[in-house]
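Chain by chain, the residues:
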Amino acid sequence: MMTQLLLFNVTNGLIIGAFYVLMALGLSLILNLSNVINFAHGGFLVIGGYIAYTITPYIGFWGALLLAPPLTAIIGLAVERVLIRPLYGRDPLYSLLLTFGLAFMIEDGTRFIWGPQGKPVTIPAFLAQPLSNDLFFITGYRLFMVVVVMIAVALLFLLLRYTRLGVRIRAGTLDLETVAALGINVGMLRSLNFAVGIFLAGLSGVLAAGQLGLEPTMGTGLLMPSFIAIIVGGIGSLPGTLIGGLLIGVASGVTAVFFPAASEAVIYVMMAVILLTRPRGLFGEEGMMS
Amino acid sequence: MTSALSAEGLHTYYGKSHILHGVSLEVAEGRITALLGRNGAGKTTTLRSLMGLTQAREGKITIFGEDTTRWPTFRIAAHGVGYVPEGRRIFANLSVEENLKVPLERGGPWTIERIYKLFPRLAERKQNRGRQLSGGEQEMLSIARALLLNPRLLILDEPSQGLAPLIVREVFRIVQQMKAEGISVLLVEQNARMSLEIADDAYVLDDGAVVYSGTARELAADDARVRALAGASAEEWTLT
Ligand SMILES: Nc1ncnc2c1ncn2[C@@H]1O[C@H](COP(=O)(O)OP(=O)(O)OP(=O)(O)O)[C@@H](O)[C@H]1O
Ligand SMILES: [Mg+2]
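In this text, all values refer to a predicted model and were calculated from it rather than measured experimentally.

Peer 1: Give me helix H10 (residues 238–258) of chain A: which residues, what numbers.
Peer 2: All names here are of chain A. Look at H10: 31 Å from first C-alpha to last across 21 residues, which is about the 30 Å you get at 1.5 Å a residue. Residues of H10 that are buried: Leu238, Gly240, Thr241, Gly244, Gly245, Ile248, Gly249, Ala251, Ser252, Gly253, Thr255 and Val257. On the buried face of H10, the contacting elements are helix H1 (2–34), helix H5 (140–162), helix H9 (218–233) and helix H11 (265–277). The N-cap residue of H10 is serine 237: its side-chain oxygen and the backbone nitrogen of glycine 240 are 3.0 Å apart.

Pasting the structure below:
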């Protein structure tokens, strides 16, 4: 019974950790290349979820899974062009305040358009089944989510390692001026990079909608832990962000078994302990996406 | 003689400090132009102005017939200007191969394969991180990176800095080879004697203003001036 409870919560932790990872990787990309702390990232998750909700009746769950993230990315691109781009080169405080306000605007906007009540997103019936009686808490959908996140993360890392776009993004996080001097339109590079980050937020939104249903506030709860995942993993290191997200997910899952009240606080405690022992985070010293 | 680049009356500031006081210079097509001057004379600032990295507040820059004065840096580079910055500025955490994938592919004779033929050391170390390279290898990588843009004009900021004489000679030989390929070159150097040996034209900058312009040969013959330039340093070794 105890092992089952533990397993249940570890699984829970891994799944929530997978969301942290997806969110935190997008946040990291944007932070590393553009020095923008995107407080509206949770808002883009919500947008992704509601877009999926809106288009599912027409094109089904699979169509929505495929289409909602790029649609979210296009909205992100527009926001970057119009609102965030003018703030590059200024103190990061400006973009932080802007995205902070934007987060509220998105929340109120979704409430205005879709109403304050939660909305369900229907997932295919076969995904809703538990895997077995013993493992009643692992539905096919939960497994599916983890697989999708794994694929998305793998594709992101392949993009960054093997494509010219990815190599330029990594070069840009080190020395944007030199990238420009090599003929690369760094404004465009930042836009594309922003879009990739928002794509990941949109994907999180679709996946989360299928699991939890939709609420205008659902992005907010994921945002702080995602920031902490970045700090725990070490700012600048994407592999660090990946490990950091899973780590705090599982830590809060396990804590939920023994000391439920602390399952949220444990994330902050972990951050404090790691920063005290390794001020640059777990992978911080290696630096920049290495 | 057509000019690859001409700058007229550049005034450049860092914040409130006025660094360039009306710098004018010209790089003739197919030739090597040396820009010399002591530490702090404003050589790097001049190059940064030409590249649009620190835009000149006054003056006009024409590159291959286009007024590039207000162009953003990437557009100037994409116009065919390769830039080898002071201190090399290679991407330390990226592999050699990845460093070579950053520049815009403008199309032309330079490909990564050809770069590896010209710089066999880079081919041997292509999986190494930039920061694992020696100073000379980093300089080669920085030049290679600029060449991959397939530039018509190559701008180098003190490529010999911190390198052993033997390596400097190799770097200068490559610069000459670029000239033979038809690339115009603007070469900033502290190493006056050696750069005057490969240069066709020369400028001397002091306190943000041009104090000499003429042929490299004439300047090289002016022993007093050259010695003053070198700051009486021990740069007695020569190219041959
Ligand atoms: N970012 C900066 N902010 C303020 N002043 C600067 C900056 N960069 C350079 N300067 C000043 O501008 C002047 C010219 O500097 P610059 O780097 O152009 O000289 P240089 O000829 O390239 O010298 P060196 O041979 O040492 O590289 C110097 O007095 C320097 O102190
Ligand atoms: Mg300099």
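Peer 1: Lay out the packing of helix H2 (residues 41–84) of chain A against helix H3 (residues 92–114) of chain A in plain terms, naming residues and giving numbers.
Peer 2: Residues and elements named next belong to chain A. Orientation of H2 relative to H3, taken along the N-to-C sense of each, is 145°, at an axis distance of 12 Å. At the point where H2 passes H3, the crossing takes the right-handed sense. On the side of H2, the interface is formed by Gly43, Phe44, Val46, Ile47, Tyr50, Tyr53, Thr54, Val79, Leu83 and Ile84, while H3 contributes Leu98, Thr99, Leu102, Ile106, Thr110 and Trp114.

Peer 1: Describe in detail the coordination of the magnesium ion (ligand 2), supporting the description with residues and values.
Peer 2: Every protein donor of the magnesium ion (ligand 2) is accounted for by B:Thr44 (OG1) and B:Glu86 (OE), and the metal-donor separations fall at 1.9 to 2.4 Å. Here the residue B:Thr44 occupies a position in helix H1 (residues 43–50), and B:Glu86 occupies one in the loop between strand S6 (81–84) and helix H3 (96–99), the gap between them amounting to 42 residues.

Peer 1: Tell me what's going on with the site of ligand 1, and back it up with residues and numbers.
Peer 2: All names here are of chain B. Looking at ligand 1, there are 13 residues lining it, with Lys43, Thr44, Thr45, Glu86 and Gln190 nearest. Glycine 40 is positioned such that a nitrogen or oxygen atom in its backbone is 2.8 Å from an oxygen atom of ligand 1. One nitrogen or oxygen atom from the side chain of glutamine 190 is found 2.7 Å from an oxygen atom belonging to ligand 1. Residue contributions to the shell around ligand 1 peak at three residues, all from H1. Looking at the shell around ligand 1 residue by residue, the class counts come to three nonpolar, six polar and four charged.

Peer 1: Describe the pairing of strand S3 (residues 32–37) of chain B, naming the residues involved and giving the relevant values.
Peer 2: Residue and element names in this part refer to chain B. Of all the six residues making up S3, six are buried; the element is thus mostly covered by neighbouring parts of the structure. Alternating positions in S3 separate into two faces, Ile32, Ala34 and Leu36 on one and Thr33, Leu35 and Gly37 on the other, with burial throughout. In terms of strand pairing, S3 meets strand S8 (residues 184–189) through five bridges, oriented parallel. Each bridged residue has a counterpart across the sheet, and for leucine 36 the counterpart in S8 is glutamate 189. In terms of strand pairing, S3 meets strand S9 (residues 201–206) through five bridges, oriented parallel. Note that in S9 the partner of alanine 34 across the bridge is alanine 202.

Peer 1: Lay out H5(A) with the relevant residues and their values.
Peer 2: Taking 1.5 Å per residue as the helical rise, H5(A) with its 23 residues ought to reach 33 Å, and the 32 Å between its terminal C-alpha atoms agrees with that figure. The set of residues buried in H5(A) consists of A:Gly140, A:Tyr141, A:Arg142, A:Phe144, A:Met145, A:Val148, A:Val149, A:Ala152, A:Val153, A:Leu156 and A:Leu160.

Peer 1: Could you give an account of the nonpolar core, with specific residues and numbers?
Peer 2: Counting 83 residues, the largest nonpolar core has A:Leu22, A:Phe144, A:Val179, A:Leu207, A:Ile248 and B:Val102 as the members making the most contacts within it. Ranked by residues supplied to this core, first place goes to H2(A) with 14 residues. Excluding anything up to four places from it in sequence, A:Leu22 contacts A:Val149, A:Ala152, A:Val153, A:Leu200, A:Leu203, A:Ser204 and A:Leu207. Ranked by size, the runner-up nonpolar core spans 45 residues in total, among them B:Trp110, B:Ile115, B:Leu187 and B:Ala216.

Peer 1: Can you explain the packing of aromatic side chains? Please cite residues and give values.
Peer 2: In this description, an aromatic ring pair is defined by two values, namely the gap between the centres and the angle between the planes. All names here are of chain A. Counted according to the given criterion, the structure contains nine aromatic pairs over all chains. Their ring planes at 75° and their centres at 5.6 Å tell us that phenylalanine 100 and phenylalanine 104 sit as a pair that is edge-to-face. Here phenylalanine 104 and phenylalanine 100 lie together in helix H3, a separation of four residues that amounts to about one turn. Overall, the relative accessible area of 39% leaves phenylalanine 100 in the partly exposed class. The cationic tip of arginine 90 hangs over the ring face of tyrosine 94; the distance from NZ or CZ to the ring centre is 5.0 Å.

Peer 1: Can you tell me about the sheet that holds strand S7 (residues 153–157) of chain B, naming the residues and giving the values?
Peer 2: Backbone hydrogen bonds are what pair the strands of a sheet, in a parallel or an antiparallel way. Residue and element names in this part refer to chain B. Across the sheet, which stays open at both edges, the six strands sit in the order S6-S7-S8-S3-S9-S10 with mixed pairing between neighbours. Two strands close off the open sheet at either side, each with one partner strand: S6 and strand S10 (209–215). Neighbour to neighbour, the strand axes of the sheet diverge by 15° on average, direction disregarded. Pairing analysis gives six bridges linking S9 to S10, with the strands arranged antiparallel.

Peer 1: I'd like a description of the side chain of B:Arg48, backed by residues and values.
Peer 2: Looking at the element boundaries, B:Arg48 is found in helix H1. What makes B:Arg48 buried here is its relative accessible area of 15%. In this structure, B:Arg48 is in contact with A:Glu177, B:Tyr14, B:Leu53, B:Thr54 and B:Tyr83, ignoring residues within four places of it in sequence.

Criteria and thresholds
Residues numbered from 1 in each chain as written. Chains lettered and ligands numbered in written order. Predicted model: local features only at pLDDT ≥ 70, side-chain atom pairs only at ≥ 80, totals over all residues. Heavy atoms only, no water. Helix = DSSP H or I, 4+ residues; strand = E, 2+ residues; numbered from the N terminus. Expected span 1.5 Å × (residues − 1). Buried < 20%, exposed > 50% of the residue type's maximum accessible area, 1.4 Å probe, protein only. Contact = heavy atoms within 4.5 Å. Polar contact = N/O pair within 3.5 Å; in protein donor to acceptor, adjacent residues only side chain to side chain. Axes fitted to C-alpha atoms, helices over the stretch in contact; angles between N-to-C directions. Left-handed = near helix turned anticlockwise from the far one by under 90°. Donors = N, O, S within 2.8 Å, 3.2 Å for Na, K, Ca; no water. Near = heavy atom within 4 Å. Nonpolar A, V, L, I, M, F, W, Y, C, P; charged D, E, K, R; others polar. Pairing = 2+ DSSP bridges. Core = buried A, V, L, I, M, F, W, Y, C linked by side-chain atoms within 4.5 Å. Phe/Tyr/Trp six-rings, centres within 6.5 Å; stacked < 30°, edge-to-face > 60°. Lys NZ or Arg CZ within 6 Å of the ring centre and 35° of its normal.

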